Structure formats: C-alpha cells, structure tokens
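What the coordinates show
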Amino acid sequence: MGGAIAEREDKDKVSLELTEEILQSMEVGMTFRDYNCRITSMDFHRASSYLVTASDDESIRLYDVANATCLKTINSKKYGVELVSFTSHPATVIYSSKNGWDESLRLLSLHDNKYLRYFRGHHDRVVSLSLCPRSECFVSGSLDRTVLLWDQRAEKCQGLLRVQGRPTTAYDDQGLVFAVAFGGYIRMFDARNYEKGPFEIFSVGGDLSDANAVKFSNDGRLMLLTTMDGHIHVLDSFRGTQLCTYNVKPVSSNFTLEASFSPEGMFVISGSGDGSVYAWSVRSGKEVASWISTDNEPPVIKWAPGSLMFVTGSSELSFWVPDLSKLGAYVGRK
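Residues numbered from 1 in each chain as written. Predicted model: local features only at pLDDT ≥ 70, side-chain atom pairs only at ≥ 80, totals over all residues. Heavy atoms only, no water.

Things to note about the sheet that holds strand β11 (residues 137-142)
Applied cut-off: For two strands to pair, DSSP has to find at least two bridges joining them. Put simply, DSSP H or I for four residues or longer makes a helix, DSSP E for two residues or longer makes a strand, and each gets a number counted from the N terminus. For every element, the axis is a line fit to its C-alpha atoms; helices are fit only across the contacting stretch, and the angle between N-to-C directions ranges from 0 to 180 degrees.
The four strands lie next to each other as β10-β11-β12-β13, forming an open sheet whose pairing is antiparallel. Two strands lie at the open edges of the sheet, namely β10 (126-131) and β13 (159-162), each paired on one side alone. Looking at each pair of strands side by side, their axes are set apart by 15 degrees on average, direction ignored. With five bridges connecting them, β11 and strand β12 (residues 146-151) associate as antiparallel partners. Residue Phe138 lies in a different strand from β12, and its bridge partner there is Trp150.

Below is the structure:
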C-alpha cells in the first residue's frame, strides 16, 4: 500500500496540477489506526518526506511519507505533548507540554530521544508554535497572553509581546515577516525589527471570537485566519483586503480549527467542528469539495509540501490522494 501511494505521488508531482476536479476526486489512500486517542498536532519537514505527529496518548511519532511507514514512536509521559514542529533538521523537533504544571518548550532529538534544550518562559498552555523557515528563530503564543520570540541556540527568550486574548502566530515562507492574530485583528511584524511594533494591523471584519490558526500561502501573497466560531478568513497579506470568508461548524475551546492552503495557494482545505473536511476555491470563494465525517471533533489538517496530498489527524492519521480512476482525462498521461 505504501509503495502504491509513493508511486502515485511521484507520478502526480510530475504530471498533474491541482484542479477542482482533482481535488474532488481525493480520497483516503491510507490510514494509521493505531492511535489510542486524539492527534493534536502534526508537521511536515520542508525538505524531506518526513511527517511528525503529537497525540493525547503522550506520544510523538515520526513517519516516512514516501514509504508510508512509521519510523519511530517516542513517549513524553512526564510532560505530555500538544504542539510539535520540525526544525530545519529532520531529526529534531520542538514541542509543547500538556501536563498543566510545566509550560516549557523542548528541543528534542528524535534520533536518540534526548533533550537538547529547554525554553522556559510561558506560564500557561502554549496554543501556537511557529518556526522561521530561514533561520533558527521561532515564536510561541500562550494563554498567558504573551507571544515569546526565541532562538533555538539560547534557552532564554529573545523578545516578548503582550496580547489581549488567545494568540496565534505564523512566519511567512521567507522568514521576513511574522503575524500575530488575536481579538479580531492580525498584526504584521518585521521579523528583524519586531520591537518597533506591528507595521500593519488588519481587521477580519468584526469577528471577535478566539483566533485559532493563522497561515501564509507559500508565495506569501495570501493569509488565512481561523476562529473558534467556525470562520476561515482569507486576506491579501500585503493590503489586508479580506477576499473571502468560509463558514464551518464552530469548535469548542479545547480544540483548534485548522486550515491549510494548497501548495500553489489556489485552494483552502479546513476541518470543521463536526469533524468534516471542506475545500474552497480562493478565486471564486465557493466550496468545491466536502468529505463528511462520523467524527464530531475538528481534525488537524496539513497539505503536504509540493504534493497532491493532504493529511488529516483525528483518532486516526489519514493520507488523502487523488483517485485517478475518477479522472478519465488523466489516465495514462505521463
């Protein structure tokens, strides 16, 4: 099964561009069902075929997507785990705790299961973690109403921003800008001069519900913000113009509504408070596909970099790929 997915992926990368028809054909190609509870976070490494997940069974799992295999499971029984992100190195991750008494972030070597550094500074649950794609810097946002800026090489935080609400953060793909969203606004910071304050503040049309996730498209031209009330706002990241808003079922405060741009930024996929997955066209603003779920909690969702594949995580880890048999015009095309 894994080889088949990898083979389909390789062919798809070469021959297909994502269209509405291909998106509508996508279905689960493979599922890992060996989780005992909910997947809370996942991340693709930018330059390899690795995927890492964090789950409520206090485990971190490393997958080789090309071969559809789980390479390693590491338990974090003492601290728990909620958010996880790769560093630039595919064998190291930074993750947040989930135990209620230690809110430190940890730099972990997956190779030998050793902690390389602790990042102490937050005093409540960390709800956002974003690593700079071009440097050793990263930002974290917490329910303690702070956003902290870090350098992976130093234990002490390099900067602190106070916020009025639950924050979510993201770097753009060039690592030049990061966004901090809370309370109905997205604040844009120069990554090298953040202490000067935001250089732009964008409104999301009066949606004051808790910010859940903010993301940039790969080309940096677009950004999205999801909120607890089930809204996914898409904006022009240069002008702040609101291009469209998609609506799904709201989520509870224990969960995060996650959404993801497709690699070329033409489509947005999102979970929903009722567990379903939806896809929209950025250009038309219309829904182009939906996959109804029997689960009643929002999945975590990520588009694989540069691939015709996305992954969802709930109580299972599912890899979604096009079913080329539904696409007569593409069959046999090289």
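Back to the write-up after that little detour.
Side note on the nonpolar core
Selection rule: By convention a nonpolar core is built from buried Ala, Val, Leu, Ile, Met, Phe, Trp, Tyr and Cys residues, the set being connected through side-chain atoms within 4.5 Å. Think of it in three bands: with a 1.4 Å probe and only protein chains considered, a residue is buried below 20% of the maximum accessible area for its type, exposed above 50%, and partly exposed in between. Contact criterion: two residues are considered in contact whenever any of their non-hydrogen atoms come within 4.5 Å of each other.
Judged by nonpolar contacts, the single largest core of 18 residues is most densely connected at Leu18, Leu23, Ala279, Trp291, Trp303 and Phe310. Only α2 (20-25), β23 (267-270), β24 (277-281), β25 (287-291) and β26 (300-303) provide two or more residues apiece to this core. Setting aside residues no more than four positions away along its own chain, Ala279 makes contact with Leu23, Val268, Ile269, Lys286, Glu287, Val288, Ala289 and Trp291. Ile39, Leu51, Ala304 and Val311 belong to the second largest nonpolar core, which has 17 residues in total.

Here's the deal with the packing of aromatic side chains
Note the following rule: Think of it this way: a Phe, Tyr or Trp ring, Trp meaning its six-membered ring, pairs with another when their centres are within 6.5 Å, and the plane angle makes it stacked under 30 degrees, edge-to-face over 60, tilted otherwise. Over a ring means this: the NZ of a Lys or the CZ of an Arg is within 6 Å of the ring centre and within 35 degrees of the ring normal.
For the structure shown, the criterion picks out 17 aromatic pairs. Aromatic pair Phe178 and Phe189: ring centres 5.1 Å apart, planes at 10 degrees, arrangement stacked. Highlighted residues: Phe178 in strand β15 (residues 177-182) and Phe189 in strand β16 (residues 185-190), separated in sequence by 11 residues. Taken individually, Phe178 and Phe189 each receive the classification buried, so the pair is uniform in this respect. Here a set of aromatic residues connected by ring pairs shows up, and it is made of Tyr79, Tyr95, Tyr115 and Tyr118. Across from the ring centre of Tyr79, 3.3 Å away, lies the NZ or CZ of Arg106, which sits over that ring.

What to know about the pairing of strand β5 (residues 69-75)
Here strand β4 (residues 59-64) pairs with β5 via six bridges, running antiparallel. Bridged to Tyr63 within β5 is Cys70. Linking β4 back to β5 in an antiparallel pair, the connection comprises four residues, with Ala68 at a positive phi of about 50 degrees.

Overview of unusual backbone geometry
Apart from glycine, the bulk of residues carry a negative phi angle, and the bulk of peptide bonds sit in the trans form. A positive phi is found at Glu58, a non-glycine position, where the angle reads about 65 degrees. Here Glu58 lies in the loop between β3 (50-55) and β4. With a relative accessible area of 26%, Glu58 lands in the partly exposed category. Positive phi is not limited to glycine here, since Arg145 has a value of about 65 degrees. As for its placement among the helices and strands, Arg145 is situated in the loop between β11 and β12.

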